[in-house]
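Read off the chains here:
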Amino acid sequence: MKFLILIIIIVSRMNAFFEYSYYSAKALSLGNSGVSSLLNSDAIFYNPAILANLSKINFSFNYSKPFGEIINDSISIYNISANKPLKRGGLGLGFYNLISDNYSEILSLLGYGYDFRNFNFGINLKYGALFFSNFERYEPILNKKILNFISFDFGFLINLEKPKRRIGFSIINIISTRNGLTDKKSLPLKFNLGISQNIKEFCHLGVDLIYSENYFNYGIGLEFLILKNIIEFNFGINREKISTGISVNIKNFTIDWTSCYNILFEELNLSSIIGIRAKF
Amino acid sequence: MKTKFFIILFLILYFNSTIKGLLLIDNFNDGDLTTFQNKGISAYSGGSANASVSPDSQNSYGNYGFALKFTYTNSSTPSDWAGISIPLDNSISYTNFHYLSFFIKGNLDAVGDSIYAGIYDGQNRFVNISEYLPYGITTNYQKVVIPLDGLSSNLKAIQSINIVAEGKFHPGSGIIYIDNITFGTNFPGKFIIDRFSDNIKDNTTYGDSSIGAWGGSWITNYYENQYLKLPFIIQSGGGAYYSTKFGPVQPLNFSKYHKLNFKAKEESNQGDLNTIRIEINDGSTKGTNISSIDKNWQNYSFNLLGLGINTASLNSLQFVLYDWFGSTNGNLYIDEVYFVSSNYSPDTNSPIKPYNIKFGTNGLTNYSIITNGVKFSANCSSLSNDISIESVRFEYSLLNSDKWVFISEDFSVSNSFYQSSLFFPPFNQIFLVRVSAIDIYGNISYSDTYYCLSASLFSLSKTITNYLGGWLRNYDFSYINIPAYSLYFNSFSFKISQNYNGKSLKDFALSTISDIKFIGNGIFLEPENIVFKNDITIQLPIPNLPFGVKTNDLIIYFRDNSNWVSLPTEIFTDEFNNKVLKTYFSKSGIFIIGTKKNIAGENINYTDEIQQLYISEKFLTPNNDGYNDNVIIAFDTKLKENEKVYFKVINLSGKLIKEEEKNPLNNRVIFIWDGKDKNNELVEPDIYLILIKTRNRIEKVAVKVIK
């Protein structure tokens, strides 16, 4: 309980969130389908109910420059996540940060998943902010330079044994409140539905459907495990990107590398994301 | 040989005698009551009237600087009058001038009052302004042109310009605003005696009118509906007259005019007037008869010289009604009585719209990039035979603003080439430039409007090593709301250091300095290149700096001919707690704050498809406050004009926000994003990417939106 309070205090002093939804190198390599198929601590960004499925402590770090070279700026994104299994579920922590010149976005998540046998329920508490630094010199009239919000995510996951299948559902940004700057509009609700299944022993399929603000997206990912699960080849597609990735498992560590091509905007060319995971 | 000499002498004398020119008495833009001739303007009044005069920044003509505000109160006492006197420098000869003009408007209380304007040459010589304006004085500015020929024959003795509100006919109170008082050498060609638009018996020369009858006849006069109505009963052998005197003091010299024009109609109840005699008194009475007057308005014109009238000495004009054959009664109507010259051809056309507009030596086109300190120029001319353009005005406006900001006005009489003063554009913005030509009658022609881009760092980088003032914030070019400033003249122990409150800066300057102006982020000690005995100290307050510019990056530059010279600059905090830059220099001229190097802009060389890519800001705050409401992306290109350049705005989630296609124009491509999506709604605060795609190149620009 003391640990939980400590975590809440730490997290509540952070600031966070953002619409960018590619949090994990592993998930991106699978078409960003993470609602049911992502079995590591990065799942907190997609569906907190998965936290109850994780039997070990996981740690994950991802880094990318998703838009490559930008003339007048440099945008980089990193996120960190970790989880701790509990008696009937699991606790998770997530942190996401976008850094650019004079501007940053931070999102922190505290998640908890509870295991009702084959049915997991999960919830995230999120606190986020946008920061504009040195802004008052540009706009003397506007002196507020932080946008804060608090929000919740909700998710569940159904684990089926025969066939071995997981069905996940999550709602992002429930009951969000927002203040700062001059805009009071709430954050957009986002609905995710995912299903994943082992097609073969070495092949795993995940499919996600996403809806937010009149915008439908999907994610389809195929994962191939070879060389006694040491190497994973991943292929994914969604409405925006085609991706491919490789994951290398070395003892307790995994290195993910994903490259993707932007379907909608060829101007963005290829981009890549790298991740390091650990499992104890 | 002698013949040639006399021809040359004649030509010299001729051209000297026909020199055209304007004399601007004051446009009041320095905000004080001292004219450009260094004479103080004052208010005066008679009877129980009250008058006051002051500079007014809210009602200036063209919304720049100040106007002269004249406030008066006349009681119902007929002898009440309130006025302002604008003394003139009597060391100047005014004999070459043929008109006095100014812009005038009044508040609603003043619109119906009798406002006279004129000169004092030992006598008050007035015209009723309402008679010289088509609709009288209104609440909008109009230009009044008062002919001096006929008003005074003694311009050598002119002492002042006077403007008077008289309570004789319209007691009341009001406020009159006056701007741009000018004498001009063009001859207007027309002198209005009475248009009756003021519905008073005095004519426009301030002369009284009277009626009389004999032989049992009767006449009376009504001034209503803006014409003269003369109900009459004329008995056989009798007659009646309406007489109006020229001026309060006779005679007046109308030798520049050759015709008397008026319009009239008759409305008879019984019989017809068979004779109306037009008589003019030049010491003796001379005239001519009109055998009958039409039932409808008709114009009549008489050649004064043909009647043997000495036009240099006129006392009065009379309309005399006779009926030789029986009695008659009815109404005679008269209107629009005026003298004109024989070649009078009013310039009813607006001037040719200004063209060939340049900044420096470059032709102005849409999206010209304007750098620090340029002078605009334009060609324009009048359509009339006279050189009748009185001024050419240069203005700019910020994008999406309906306010035109005054740059300067050229009053030189060239009928061809006009030039603005040095212009420092607002920093990093799209702005519009236009030029307007105004003739002596107030007709205005506007040039085409040009979109321009201010990007001082961008273009100056081509010519100088050190970048100059990347952030030329505009202080509205007004003498108000200027931050604290300091000028120290060491050799005279002279010091100014205060917030400026609308006083004329020139009052504080050394005698060798004619004026001190604030320009962009600096000052202009006029005239340039006066060498002081000892260095003067220049102190310039540091305004808000754009992102990326630090106080230590700043330096004061001096404009030495076309080169900008950096001066050793110190930074300190003055007694008002302002951060101030300080330098010493021995010459007058332009001093502005700049940056030591390029740190405030993007200036990147690429291949021929995208050259000199320019990005105005990283931040976009679309709140219509004039700051960062648009992001401007501009680049030079060698792409052909029919080749497309694509701009796409996306958010980081990959959602398309807006897209536009542009074609290069004059080897330049400009894209402006106002923070709105394709549905014309403002986007959420966020970071956005603008993708630029040309034939072979793709570039990405990041923009942060804050609302």
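Residues numbered from 1 in each chain as written. Chains lettered and ligands numbered in written order. Predicted model: local features only at pLDDT ≥ 70, side-chain atom pairs only at ≥ 80, totals over all residues. Heavy atoms only, no water.

The next thing to look at is the overall build of chain A. Across its full length, chain A holds two helices and 14 strands. In chain A, which comprises 280 residues, the share counted as buried stands at 54%. A total of about 12,800 Å² of accessible surface is found on chain A, and carbon and sulfur atoms cover 65% of it. (Helix = DSSP H or I, 4+ residues; strand = E, 2+ residues; numbered from the N terminus. Buried < 20%, exposed > 50% of the residue type's maximum accessible area, 1.4 Å probe, protein only. Areas by Shrake-Rupley, 256 points an atom, 1.4 Å probe, with all protein chains shown as cover.)

Along the backbone of chain B there are four helices and 51 strands. Looking at chain B residue by residue over its 707 residues, the buried ones come to 57%. Sequence separation of at least 24 residues holds for 70% of the intrachain contacts in chain B that already meet a minimum separation of 6. (Contact = heavy atoms within 4.5 Å.)

Moving on, we get to the pairing of strand β50 (residues 686-693) of chain B. The side chains of a regular strand alternate between both faces of the sheet. All names here are of chain B. Summarising burial for β50: seven of the eight residues are buried, a large majority. Relative to β50, strand β47 (residues 645-651) is paired through six bridges, and the arrangement is antiparallel. Bridge pairing links tyrosine 646 to lysine 693 in β50. Pairing between β50 and strand β51 (residues 698-705): eight bridges, direction antiparallel. By the bridge assignment, leucine 691 is partnered in β51 with lysine 700. (Pairing = 2+ DSSP bridges.)

Judged by nonpolar contacts, the single largest core of 81 residues is most densely connected at Phe102, Phe183 and Phe339 of chain B. Per-element accounting of this core gives the leading share, six residues, to strand β23 (residues 328-340) of chain B. Residues within four places of phenylalanine 339 of chain B in sequence aside, it is in contact with Gly189, Lys190, Phe191, Ile193, Phe246, Phe254, Tyr257, Lys259, Leu260, Ile280, Leu304 and Leu314 of chain B. Residues Tyr46, Leu109 and Leu147 of chain A together with Leu689 of chain B belong to the second largest nonpolar core, which totals 31 residues. (Core = buried A, V, L, I, M, F, W, Y, C linked by side-chain atoms within 4.5 Å.)

What follows concerns the pairing of strand β27 (residues 374-379) of chain B. Residues and elements named next belong to chain B. The element β27 is extensively covered by neighbouring structure, given that five of its six residues are classed as buried. Of the pairings in the sheet, the one linking strand β24 (residues 355-359) to β27 comprises three bridges and is antiparallel in character. Its bridge partner being in β27, lysine 358 is matched across the sheet by serine 377. In this structure, β27 lies alongside strand β30 (residues 417-423), joined through five bridges in antiparallel fashion. Counted as the bridge partner of lysine 375 is leucine 422 from β30.

In this section: the sheet that holds β27 of chain B. The sheet built from four strands is open, its strands ordered β25-β24-β27-β30 (chain B) with antiparallel pairing. The sheet terminates laterally at β25 (362-363) and β30 of chain B, the two strands that pair on one side only.

All names here are of chain B. The sheet built from five strands is open, its strands ordered β2-β5-β10-β7-β8 with antiparallel pairing. Each edge of the open sheet carries a strand with a single partner, namely β2 (42-46) and β8 (124-128). Along the sheet, successive strands turn relative to each other by an average axial angle of 25 degrees, direction set aside. Bridge analysis of strand β5 (residues 81-87) against strand β10 (residues 160-166) gives seven bridges, and the strand direction is antiparallel. Looking at β10, one finds that serine 85 is bridged to asparagine 162. (Axes fitted to C-alpha atoms, helices over the stretch in contact; angles between N-to-C directions.)

This part is about a nonpolar patch on the surface. All names here are of chain A. Residues Ile57, Tyr63, Phe253, Ile255, Trp257, Ile274, Ile276 and Phe280 make up a contiguous nonpolar surface patch of about 750 Å² in total accessible area. Where the nonpolar patch is concerned, the elements lending two or more residues are β13 (253-262) and β14 (270-279). Considering each element in turn, the nonpolar patch owes the most residues, three residues, to β13. Along the chain, isoleucine 276 falls in strand β14. Note on isoleucine 276: relative accessible area 41%, which makes it partly exposed. (Patch = residues over 30% accessible without salt bridge, like charges linked within 9 Å, V, L, I, M, F, W, Y side chains within 5 Å. Salt bridge = Lys/Arg side-chain N within 4 Å of Asp/Glu carboxyl O.)

Of note, asparagine 379 of chain B is situated in strand β27. Setting aside chain neighbours within four positions, we find asparagine 379 of chain B in contact with Lys353, Pro354, Tyr355, Asn356, Ser416 and Phe417 of chain B.

Residues and elements named next belong to chain A. The topology assignment puts asparagine 97 in strand β3 (residues 89-100). Judged by its relative accessible area of 8%, asparagine 97 falls in the buried class. Within the structure, asparagine 97 has its side chain in polar contact with the backbone oxygen of glutamate 105 (distance 2.9 Å). The residues touching asparagine 97, leaving out its near neighbours within four places in the chain, are Ser76, Ile77, Tyr78, Ser104, Glu105 and Ile106. (Polar contact = N/O pair within 3.5 Å; in protein donor to acceptor, adjacent residues only side chain to side chain.)

Another aspect to go through is the environment of glutamate 213 of chain A. Tracing the backbone shows glutamate 213 of chain A in the loop between β9 (203-212) and β10 (215-226). On the basis of relative accessibility, which here comes to 43%, the residue glutamate 213 of chain A falls in the partly exposed class.

All right, on to unusual backbone geometry then. Residues and elements named next belong to chain B. The omega torsion across glutamine 250 and proline 251 is -5 degrees, close enough to zero to call that bond cis. Residue phenylalanine 196 is not a glycine yet carries a positive backbone phi of 60 degrees. Note that phenylalanine 196 resides in the loop between β12 (190-194) and β13 (209-214). Under the relative-accessibility criterion, phenylalanine 196 is labelled buried at 2%. Within the chain, tyrosine 206 stands out as a residue other than glycine whose phi angle is a positive 75 degrees.

Residue and element names in this part refer to chain B. Per the stated rule, a full pass over the model turns up 20 salt bridges over all chains. A salt bridge links aspartate 282 to lysine 286; its shortest N-O distance comes to 3.0 Å. According to the relative accessible area criterion, aspartate 282 is buried, its value standing at 11%.

Right, let's talk about the packing of aromatic side chains for a bit. Here the distance between the centres and the angle between the planes together describe a pair of aromatic rings. Here the structure, examined in full by the defined rule, presents 49 aromatic pairs over all chains. An aromatic cluster is present here, built from Tyr112, Tyr114, Phe116, Phe119, Phe121, Phe154, Phe156 and Phe169 of chain A joined pairwise through their rings. In this structure, lysine 265 of chain B is placed above the aromatic ring of tyrosine 333 of chain B, and the distance from its NZ or CZ to the ring centre is 5.0 Å. The side chain of lysine 655 of chain B reaches across the aromatic face of tyrosine 215 of chain A, ending 5.4 Å from its centre. (Phe/Tyr/Trp six-rings, centres within 6.5 Å; stacked < 30°, edge-to-face > 60°. Lys NZ or Arg CZ within 6 Å of the ring centre and 35° of its normal.)

Turning to the environment of phenylalanine 191 of chain B, a few remarks are in order. All names here are of chain B. The topology assignment puts phenylalanine 191 in strand β12. Sequence separation of phenylalanine 191 and tyrosine 132 is 59 residues, and the distance between their C-alpha atoms is 9.2 Å. Once residues lying within four places of it in the same chain are set aside, the contact partners of phenylalanine 191 are Val127, Tyr132, Pro147, Asp149, Gly150, Leu151, Thr205, Phe254, Tyr257, Tyr338 and Phe339.

Attention now goes to the confidence of the model for chain A. Residue and element names in this part refer to chain A. Averaged over every residue, the pLDDT of chain A is 83; the share at 70 or more is 84%. No element of chain A has a lower mean pLDDT than helix α1 (residues 2-12), at 37, and none a higher one than strand β1 (residues 58-64), at 95. Within the model, the stretch residues 1-18 combines pLDDT values under 50 with 50 contacts to residues more than four positions away or in other chains. (pLDDT = per-residue confidence, 0-100.)

Residues and elements named next belong to chain B. Checked against the element boundaries, serine 436 lands in strand β31 (residues 430-439). Distance from serine 436 to lysine 353, taken between C-alpha atoms, is 7.2 Å for residues 83 residues apart in sequence. Ignoring sequence-local partners within four residues, the contact set of serine 436 consists of Pro354, Ser391, Val392, Arg393, Glu395, Ile444, Ser445 and Tyr446.

For the rest of this paragraph, the subject is the confidence of the model for chain B. Low-pLDDT stretches of the model should not have their predicted coordinates read in fine detail. All names here are of chain B. Averaged over every residue, the pLDDT of chain B is 77; residues scoring 70 or more account for 79%. Helix α4 (residues 456-460) is the least confidently modelled element of chain B, averaging 32 in pLDDT, while strand β17 (residues 239-245) averages 93, the highest of any element. The model gives residues 9-19 a pLDDT under 50, and that stretch makes one contact with residues more than four places away or in other chains. For the stretch residues 598-606, pLDDT sits under 50, and the model shows 28 contacts to residues farther than four places along the chain or on other chains. Under the prediction, the complex receives an ipTM of 0.83, its pTM being 0.50.

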